[in-house]
Amino acid sequence: VQELDPKMNRRGERLIGETAVVVQAIEAGSGRVRHGDSEWLARGPDAAPGTRVRISGSDGAVLLVEPLD
């Protein structure tokens, strides 16, 4: 019997701990990031395009990001 992956349909959760690049400035808490070949809406502290961020969580189809230390 094969166990089902609880994150199978929660792609955002699978990305936690990965890095992404800001493609649309995160201003007033929201913007867009690129991970691999996909762009995602993102929430987090203000960041300029080109900034690398860490994915810390997800809220539906929105990635939660934080600065890389």
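As the structure is a prediction and not an experimental result, all values here were calculated from the model. The numbering scheme is per chain: residues are counted from 1 as the chain's sequence reads. Predicted model: local features are reported for residues with pLDDT of at least 70 only, side-chain atom pairs are reported and counted for 80 or more only, and whole-chain, interface and lining totals are derived from all residues. The basis for the side-chain values is all heavy atoms of the structure; hydrogens and waters are excluded.

Q: Tell me about the environment of serine 30, residues and numbers included.
A: With respect to the element layout, serine 30 can be found in strand β2 (residues 30–35). Through-space distance from the C-alpha of serine 30 to that of arginine 43 is 4.4 Å; in sequence the pair is 13 residues apart. Only heavy atoms matter for contacts: two residues are in contact if any of them lie within 4.5 Å across the pair. Excluding anything up to four places from it in sequence, serine 30 contacts Ala25, Ala42 and Arg43. Every helix listed is a DSSP run of H or I at least four residues long, and every strand listed is a run of E at least two residues long, numbered separately from the N terminus.

Q: Kindly report on the pattern of salt bridges, identifying the contributing residues and their values.
A: Put simply, a salt bridge is a Lys or Arg side-chain nitrogen that is within 4 Å of an Asp or Glu carboxyl oxygen. By the definition in use, this model includes three salt bridges. The shortest N-O distance in the salt bridge between glutamate 39 and arginine 32 comes to 3.2 Å. The salt bridge involving arginine 43 is made with aspartate 59; its shortest N-O contact spans 3.1 Å. Separated by 16 residues along the polypeptide, arginine 43 in strand β3 (residues 38–43) and aspartate 59 in strand β4 (residues 52–59) bring together distant segments of the chain. Looking at aspartate 59, the relative accessible area reads 42%, which means it is partly exposed. Overlapping salt bridges bring together Arg32, Arg34 and Glu39 as one network. Between buried and exposed lies partly exposed: a residue is buried under 20% and exposed over 50% of the maximum accessible area for its type, with that area taken using a 1.4 Å probe on protein chains only.

Q: Account for the side chain of serine 38, with residues named and values stated.
A: When you line up the elements, serine 38 lands in strand β3. In this structure serine 38 comes out as buried when scored by relative accessible area, which is 14%. Pairs of N or O atoms are called polar contacts if they sit within 3.5 Å, as long as, within protein, a hydrogen donor faces a hydrogen acceptor (for residues adjacent in sequence, only side-chain-to-side-chain pairs). Side chain to side chain, serine 38 and aspartate 37 meet in a polar contact 3.4 Å long.

Q: Give a description of the pairing of strand β1 (residues 19–27) that names residues and reports values.
A: Only strands joined by at least two bridges in the DSSP assignment are considered to pair. When β1 meets β4, the two strands line up antiparallel, connected through three bridges. Looking at β4, one finds that valine 21 is bridged to arginine 52. Here four bridges tie β1 to β2, and the two strands are oriented antiparallel to one another. Across the sheet, valine 22 pairs through a bridge with valine 33, a residue of β2.

Q: Give a description of the pairing of β3 that names residues and reports values.
A: Of the two faces of β3, only the one carrying Ser38, Trp40 and Ala42 is buried; Glu39, Leu41 and Arg43 on the other face are not. Relative to β3, β2 runs antiparallel, the two being bridged by six bridges. When the sheet's bridge partners are listed, arginine 34 is paired in β3 with glutamate 39. Counted between consecutive antiparallel strands, the loop separating β2 from β3 contains two residues, among which glycine 36 sits at a positive phi close to 65 degrees. Taken together, the three bridges between β3 and strand β5 (residues 62–67) define a ladder with parallel strand orientation. The partner of leucine 41 across the bridge, within β5, is valine 62.

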